[in-house]
Protein chains: 2
Amino acid sequence: MGVKERKERDKLEMRGRILESAHRLFLERGFDDISIRNIAEAIEYSPATIYLYFKDKNEIIHALHQDGFRLMNEHFQHLTAFPRPFERLIEMGKAYIRFATTHPQVYSLLFMRGEPIEHIIHWLQDEWLEGDRAFETLKQTVMLCKKDGYFPGYDPQALSMLIWSSIHGICALRISGHMNHVKPARDQNLSLDDVMLSTFDVFTQVLGNLKKQ
Amino acid sequence: MGVKERKERDKLEMRGRILESAHRLFLERGFDDISIRNIAEAIEYSPATIYLYFKDKNEIIHALHQDGFRLMNEHFQHLTAFPRPFERLIEMGKAYIRFATTHPQVYSLLFMRGEPIEHIIHWLQDEWLEGDRAFETLKQTVMLCKKDGYFPGYDPQALSMLIWSSIHGICALRISGHMNHVKPARDQNLSLDDVMLSTFDVFTQVLGNLKKQ
DNA sequence: TATTTTACTGAACACCGTTTATATTTTTGC
DNA sequence: GCAAAAATATAAACGGTGTTCAGTAAAATA
C-alpha cells in the first residue's frame, strides 16, 4: 500500500508551498514581513499548521538562505569563461557586487544577518557548506593568480579573507545605507552604485599592483 | 516665576533618565531587549509616558547611536601621538578594530543596522555629521600619506572609501558570525580575533606596498 | 477657590512566534 | 463494515512588541 509514500509526498508538497509563500513574501515585501501569520494566510491555513512542517521560523529562514545561495551561485556560473586567473578574480568581484546590488535583500539575508548563520551553528553541526564552497573557489582563484606572479609572499588564505572582507564591506555599507551618507557622496550627488563601483575600481588597482616584475 | 524653567529642567531630566535606562538595557542585555516596555519598567513609569518625551523608539535609538559615536571617538583620541601619517593610518585601523571587538553591540548599532541611519535620513536633514567628521579624518590622514609618497596616483576620496569598506568588512563579518564559520578558520581552530587580525595584517602589507620607490 | 493646563496611565489596537488542548479526518486492524 | 488508533488541522491562549487615546489626577494660573 502506497499510503505512506503518498503521505510523504503530501508532506513535502506542503513544505514546498510554505517555502514558496515565504519566498514570495520575502521578495515582494522584504524580510520583516515574513511572519508565520503572513505565510499561513497566504497558504490559507492556520498559523499553528506551519509548525507541523517546520520546527520553527528559523528553519524556514534557513531554507530561504539556501535558496539565496543558489541564486548567488548562478551569478558566478559565467566565470569559467575567463581563463586568466587575475581577470577571473576581478570578474568574481564584479559578479559579487552585481549580485549584492540587484538582490540587496537576499544579500543581507546571506551575509549581514546574524540569525541564519546562528541557526547553522546550532543545528547543522557547525558546517556552513555553501560558505565553505564559495570561499574555497575564491581561494583557488587566488592561488592560480599566485602562479601567474601575482600576490608574491602573501598567504592565500589570509589574502582571500581580505578580498572577501573588502568586497563585503563595500556591499554591506551600501546596503545598510551608510556609504551614501558620508558627505562627499552626498555633495557630488553620486549614485549609490557609482560610489560602490569606484571603490571597487580602486581595489582592483591595488590588487593589480601586487605583482612581481 | 521660575516654574517654566523648572519644568523644562524636569523634562530634560526625565529624558535623561529614559536614555540612561535605554543605554543600560542595551549594554547589559543587547539591542533586542531595548523595548519601550522594558525602559518604562526600569524607570517605573507606564510605557505611554515614554511618548511624552520621545516621538518614537527611533528617537531613543538615535540618541544611543550618538552615544556610541562618542565612545568610538574616545578610541581614536591617542592617534595624534603618531606623527608619521602612514603609521597613524595603520593605528587608526587597529583602533577601529579594537573598538569593534570590544563593543560589538555598539559597533553593529553604528554601522550594521539600517534603522538608525534611516532615521537620520528622514529627520535630520540628511546630514550624518558624526559620520562625515570621522570619514574626513580618515581622508585627511590618507592625504598626508600621499605627501609622504604613499598611494601615488590614487584618489584620496575613493581610497579612503576603500579603506573604510575593507576594515568595516572585516569587523562586520566577524560580528555577524560569518567570518569564523568558513572552513579554514574552523579547522585551524583560530580564534575570532586571530582571523580578524591576520586579515588586517595582510591589509597593512598591501597598503604598505603602495609607495613610490 | 475655580479653572485651565500639565503629567500620567489603563486599556486597547494590531501585530509577532509559539504551544496546547480539542476537533476533525484518515488509516489501520479486526 | 466498524471501532480504535493515528494523523492532521485549528482556535485560543501566552507572553511579547510599538503605539495611540480617552480619561484621571495633580499642579499652576487667574
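The structure this text deals with has already been given above.
Residues numbered from 1 in each chain as written. Chains lettered and ligands numbered in written order. Predicted model: local features only at pLDDT ≥ 70, side-chain atom pairs only at ≥ 80, totals over all residues. Heavy atoms only, no water.

Student: Would you explain the pattern of salt bridges in this entry?
Tutor: A side chain with one charge may pair with a side chain of the opposite charge, provided their charged atoms come close. Residues and elements named next belong to chain A. Tallied over the full model, the rule gives 19 salt bridges over all chains. One salt bridge connects Arg24 with Glu28, and the closest N-O pair in it is separated by 3.8 Å. Highlighted residues: Arg24 and Glu28, both in helix 1 (residues 3-29), separated by four residues, approximately one helical turn. A relative accessible area of 43% means that Arg24 is categorised as partly exposed. Between Arg84 and Glu87 there is a salt bridge, with its nearest N and O atoms 3.5 Å apart. (Salt bridge = Lys/Arg side-chain N within 4 Å of Asp/Glu carboxyl O. Helix = DSSP H or I, 4+ residues; strand = E, 2+ residues; numbered from the N terminus. Buried < 20%, exposed > 50% of the residue type's maximum accessible area, 1.4 Å probe, protein only.)

Student: How should I be thinking about the nonpolar core in this particular structure?
Tutor: Buried together is how nonpolar side chains tend to be arranged in soluble globular proteins. Of all hydrophobic cores here, the largest spans 134 residues; its most connected members are Phe151 and Trp164 of chain A together with Phe151 and Trp164 of chain B. Leave out the neighbours within four places in its chain, and Trp164 of chain A touches Tyr96, Phe111, Trp128, Phe135 and Leu138 of chain A together with Leu173, His178, Met179 and Val182 of chain B. (Core = buried A, V, L, I, M, F, W, Y, C linked by side-chain atoms within 4.5 Å. Contact = heavy atoms within 4.5 Å.)

Student: How should the protein's contact with DNA strand C be read in this particular structure?
Tutor: If you check the shell around DNA strand C, you find 21 residues, and the closest are Arg6, Arg37 and Tyr51 of chain A together with Thr49 and Tyr53 of chain B. Atoms of DNA strand C within 4 Å of the protein: sugar and phosphate make up 61%, bases the balance. The contact in question runs from a phosphate oxygen of DNA strand C to an N or O atom on the backbone of Ile36 of chain A, over 2.8 Å. A per-class count over the surface near DNA strand C returns ten nonpolar, four polar and seven charged. (Near = heavy atom within 4 Å. Polar contact = N/O pair within 3.5 Å; in protein donor to acceptor, adjacent residues only side chain to side chain. Nonpolar A, V, L, I, M, F, W, Y, C, P; charged D, E, K, R; others polar.)

Student: Please explain the packing of helix 9 (residues 156-176) of chain A against helix 11 (residues 192-209) of chain A as it appears in this structure.
Tutor: Helix-helix packing: each pair is described by the crossing angle between the helix axes and the interaxial distance. Residues and elements named next belong to chain A. Interaxial distance between helix 9 and helix 11 falls to 10 Å at its minimum, and their mutual angle equals 165°. As far as their axial angle goes, helix 11 and helix 9 are roughly antiparallel. Seen along the crossing, helix 9 lies across helix 11 with a hand that is right-handed. Judged by residue contacts, Ile163, Ser166, Ile167, Ile170, Cys171 and Arg174 of helix 9 engage Leu192, Asp193, Met196, Thr199, Phe200, Phe203 and Leu207 from helix 11. Within the contact of helix 9 with helix 11, the residues separate by chemical class into nine nonpolar, two polar and two charged. (Axes fitted to C-alpha atoms, helices over the stretch in contact; angles between N-to-C directions. Parallel < 35°, antiparallel > 145°, perpendicular 65-115°, else oblique. Left-handed = near helix turned anticlockwise from the far one by under 90°.)

Student: Is there a simple way to explain the packing of helix 4 (residues 57-74) of chain A against helix 6 (residues 104-111) of chain A in this structure?
Tutor: Residue and element names in this part refer to chain A. Running from N to C, helix 4 and helix 6 cross one another at 115°; their axes reach a closest spacing of 9 Å. Relative to helix 6, the crossing made by helix 4 is left-handed. Residues Ile61, Leu64, His65, Gly68, Phe69, Leu71 and Met72 of helix 4 form the contact with helix 6, whose own contacting residues are Val106, Leu109, Leu110 and Phe111. Taken together, the residues that form the contact of helix 4 with helix 6 break down as nine nonpolar, two polar and no charged.

Student: Could you clarify how one ought to interpret unusual backbone geometry in this entry?
Tutor: What you tend to see is this: most non-glycine residues have negative phi, and most peptide bonds are trans. All names here are of chain B. At Glu44, a residue that is not glycine, the phi angle is positive and equals roughly 60°. As for its placement among the helices and strands, Glu44 is situated in the loop between helix 2 (36-43) and helix 3 (47-50). If you check the backbone angles, Phe151 has positive phi at about 55° while not being a glycine. Tracing the backbone through its elements, the reader meets Phe151 in the loop between helix 8 (129-147) and helix 9 (156-176). The class for Phe151 is buried, based on a relative accessible area of 0%.

Student: Help me understand helix 9 of chain A in this model?
Tutor: Think of an α-helix as 3.6 residues a turn; residues three or four steps apart then line up on the same face. Residue and element names in this part refer to chain A. For helix 9, which comprises 21 residues, the first-to-last C-alpha distance of 29 Å matches the rise-based estimate of 30 Å (1.5 Å per residue) to within 8%. Counted residue by residue, helix 9 has 20 buried out of 21 residues, so it is predominantly covered. Looking one or two places after helix 9, you find Gly177, whose phi comes out positive at around 95°. (Expected span 1.5 Å × (residues − 1).)

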